[in-house]
Amino acid sequence: MTSLVFTGEAAAFGDAVSRFAHAMHTPDSPPSRQMWKQAADLGLTGLEIPEEYGGGPGGYQMNAAAVQALGTCSHGTSSSFTISFDIATPYLVRFGTQSVRQRWLPALAAGEAIAALALTEPGAGSDLAALSTRADVTSEGWSLSGAKTFITNGSIADVIVVAARTSAQDRVRGISLFAVDAASPGLVRRSLATIGQPDCDTAELFFDNCEVPREALLGTLDEGFALMLQRLPQERVTSSIANLAQTDVAFDLTLQHVSERQAFGRPIGSLQHNAFRIAELDAQRSAVAAFLTTCIRQVAEGTLTTADAARAKLLSARLENDVLDLGMQLHGGSSFIEGTEINRRWIDGRVTRIWAGADEVMLHLISKDLGL
Ligand SMILES: Cc1cc2nc3c(=O)[nH]c(=O)nc-3n(C[C@H](O)[C@H](O)[C@H](O)COP(=O)(O)OP(=O)(O)OC[C@H]3O[C@@H](n4cnc5c(N)ncnc54)[C@H](O)[C@@H]3O)c2cc1C
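Residues numbered from 1 in each chain as written. Predicted model: local features only at pLDDT ≥ 70, side-chain atom pairs only at ≥ 80, totals over all residues. Heavy atoms only, no water.

1. Some points on the overall build of the protein
Then, in step 1: A count of helical and extended segments in the protein gives ten helices and ten strands.
Then, in step 2: The C-alpha radius of gyration computed for the protein amounts to 21 Å, which stays within 12% of the reference 21 Å derived for 372 residues, consistent with globular compactness.
Then, in step 3: Along the three orthogonal principal directions, the C-alpha set of the protein runs to about 80 × 45 × 40 Å.
Then, in step 4: In the protein, which comprises 372 residues, the proportion classed as buried is 55%.
Then, in step 5: If you take every contact in the protein between residues at least 6 apart in sequence, the share linking residues at least 24 apart comes to 75%.
Then, in step 6: With the model as given, the accessible surface of the protein reaches about 15900 Å², and the carbon-plus-sulfur share is 54%.
Then, in step 7: The distance from the centre of the 29 positive side-chain charges to the centre of the 41 negative ones in the protein is 3 Å. (Helix = DSSP H or I, 4+ residues; strand = E, 2+ residues; numbered from the N terminus. Rg over C-alpha atoms; globule rule 2.2 N^0.38 Å. Buried < 20%, exposed > 50% of the residue type's maximum accessible area, 1.4 Å probe, protein only. Contact = heavy atoms within 4.5 Å. Areas by Shrake-Rupley, 256 points an atom, 1.4 Å probe, with all protein chains shown as cover. Lys, Arg positive; Asp, Glu negative; His and termini not counted. Charge placed at Lys NZ, Arg CZ, Asp CG, Glu CD.)

2. So, the nonpolar core
In summary, soluble globular proteins display a tendency toward joint burial of nonpolar side chains.
Then, in step 1: Residues Leu4, Leu44, Phe81, Val237, Ile241, Leu292 and Ile296 are the most contacted members of the largest nonpolar core, which totals 53 residues.
Then, in step 2: At the level of elements, α1 (8-24), α2 (33-42), α3 (60-73), α4 (75-95), α6 (224-260), α7 (272-301) and α8 (306-331) are the ones that each hand at least two residues to this core.
Then, in step 3: Among the nonpolar cores identified, the runner-up in size contains 33 residues, and Ile49, Leu108, Leu117 and Leu128 belong to it. (Core = buried A, V, L, I, M, F, W, Y, C linked by side-chain atoms within 4.5 Å.)

3. Digging into the site of the ligand
Then, in step 1: Taken together, 17 residues lie around the ligand, and Leu117, Leu119, Thr120, Ser126 and Phe150 are the ones closest in.
Then, in step 2: The separation between a nitrogen atom of the ligand and a polar main-chain atom of Leu117 is 2.8 Å.
Then, in step 3: With respect to the ligand, the backbone of Phe150 contributes an N or O atom lying 2.8 Å from a nitrogen atom.
Then, in step 4: Of all the elements in the fold, those that place two or more residues in the shell around the ligand are β1 (115-118), β3 (141-152) and α10 (359-369).
Then, in step 5: For the shell around the ligand, the element with the most residues is β3, which contributes three residues. (Near = heavy atom within 4 Å. Polar contact = N/O pair within 3.5 Å; in protein donor to acceptor, adjacent residues only side chain to side chain.)

4. Here we look at α7
Then, in step 1: When the terminal C-alpha atoms of α7 are compared, their 44 Å separation across 30 residues agrees well with the 44 Å that a helix rising 1.5 Å per residue should span.
Then, in step 2: Within the sequence span of α7, burial applies to Asn274, Ile278, Leu281, Arg285, Val288, Ala289, Leu292, Cys295, Ile296, Gln298 and Val299.
Then, in step 3: Remark: Gly302 follows α7 within two positions and exhibits a positive phi of approximately 80°. (Expected span 1.5 Å × (residues − 1).)

5. Some thoughts on the packing of aromatic side chains
Then, in step 1: On inspection of all chains with the given rule, the structure shows four aromatic pairs.
Then, in step 2: Through a chain of ring-to-ring contacts, the aromatic side chains of Phe20, Trp36 and Phe81 assemble into a single cluster.
Then, in step 3: It is Arg103 that lies over the ring of Trp104; its NZ or CZ is 3.9 Å from the centre. (Phe/Tyr/Trp six-rings, centres within 6.5 Å; stacked < 30°, edge-to-face > 60°. Lys NZ or Arg CZ within 6 Å of the ring centre and 35° of its normal.)

6. A closer look at the packing of α2 against α4
Then, in step 1: Close contact between α2 and α4 brings their axes to 13 Å; oriented N to C, the two are set at 60°. Between α2 and α4, the crossing angle belongs to the class labelled oblique. Crossing of α2 against α4: the hand is right-handed. Contacts between α2 and α4 involve Met35, Trp36 and Ala39 from the first element and Thr77, Ser80, Phe81 and Ser84 from the second.
Then, in step 2: In the contact of α2 with α4, the residues fall into four nonpolar, three polar and no charged. (Axes fitted to C-alpha atoms, helices over the stretch in contact; angles between N-to-C directions. Parallel < 35°, antiparallel > 145°, perpendicular 65-115°, else oblique. Left-handed = near helix turned anticlockwise from the far one by under 90°. Nonpolar A, V, L, I, M, F, W, Y, C, P; charged D, E, K, R; others polar.)

7. Quick notes on the side chain of Thr202
Then, in step 1: With respect to the element layout, Thr202 can be found in strand β7 (residues 202-213).
Then, in step 2: Judged by relative accessible area, Thr202 falls into the buried class, the value being 16%.
Then, in step 3: With residues up to four places along the chain from it excluded, the contact list for Thr202 reads Phe150, Ile151, Thr152, Arg190, Ser191, Leu192 and Thr194.

8. Describing the pattern of salt bridges
Then, in step 1: Scanning the entire structure with this criterion turns up 17 salt bridges.
Then, in step 2: Residue Lys148 is joined to Glu121 by a salt bridge in which the shortest nitrogen-to-oxygen separation is 2.9 Å. Placement of Lys148 in strand β3 and of Glu121 in the loop between β1 and β2 (134-137) is noted, with a sequence separation of 27 residues between them. Pair check on accessibility: Lys148 and Glu121 agree, each one buried.
Then, in step 3: A salt bridge links Arg353 to Asp359; the shortest N-O distance between them is 2.6 Å.
Then, in step 4: The exposure class assigned to Arg353 is partly exposed, which follows from its relative accessible area of 28%.
Then, in step 5: Residues joined by salt bridges that share partners form a network here, namely Asp248, Asp282 and Arg285. (Salt bridge = Lys/Arg side-chain N within 4 Å of Asp/Glu carboxyl O.)

9. Brief notes about the environment of Val93
Then, in step 1: By secondary structure assignment, the location of Val93 is in helix α4.
Then, in step 2: Given the relative accessible area of 8%, Val93 is considered buried.
Then, in step 3: On a C-alpha basis, the gap between Val93 and Asp308 in space is 25 Å, while along the polypeptide they are 215 residues apart.

Here's what the structure looks like:
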């Protein structure tokens, strides 16, 4: 059972994406290029792209229904697709020059190109303003030098939105964003071995005097940090939807197991300690779903605040991990045997309390909103 309820076109789209994702999912490798093409045929990859570039936006409800469907399949599947269509692509749509839009949007909508977003660096993750990748002016445009790490789709993407320092005068002002063609000379990529989500690519990127044209600049020079702040709330709601989808799956798996597994002559779910713990998490799940439903509407209306996005991200990631942890506990010894569904999802889910802003960063944003 899924917690978020969609209606009309969004519900039908979510069903179609769910059938597609479950049919095409390859548990041990990132989505194939064929899968990207099929996602495009469904309209998934063009959800944020204007019609004139081959897309077909239907509003954020459609994104949300799709993310829930992908998230129910696996975290890796939702990360792979959402980073491209919902998170990186909007930077090109909203801030790209005409040349960037023409170069990338039709290919992204058609599933012929994949996008990534490269903000994090070995020395700057939570504190993004500390990033040190440089973009120096050249006669043709820019030359990028530095490194990025933990980049979803990093080694398979065709276009990468990269944050780099263009001015040293101020920590926050002085960062700019670039649409970098992954085939640019001077860019080397290496996949990272992760403990979970084998169905998603995570990579590090090395820029060594990587030349990008003048038109690759996204938005205004030195104002990239403000653009990131503008886009991060949607990213966090999107990741919260995937978190809740995983929560639902883990919850159902656990409920089924505790209803069937017997100990002391009765189903372990009927032992009061377990029944109450499950009931508590169920109540929290309903509350997170209700709050997230409001956030989804606010993303669609353009009224979502940074603090509410942080609340959704914090609560959904914690809830997911609490449900997964209880699921592991109640599956007993079998949960520790490699490859069972509950432990695979438990490993995949742990990173949700770290990526897209760690729990502590969410708490920082919420406490700032409270004037603390
Ligand atoms: C699988 C995966 C995929 C990712 N995908 C992308 C991507 O596509 N693009 C991208 O740019 N990045 C991506 N990231 C990076 C991710 O956003 C960062 O890992 C995250 O922001 C944390 O940064 P860090 O790892 O450098 O940890 P650090 O910044 O070193 O923080 C380490 C820990 O310190 C604590 N901490 C941090 N700040 C505070 C604070 N203010 N108060 C108290 N404690 C604090 C937290 O517990 C945090 O986990 C991905 C990461 C992973 C693991």
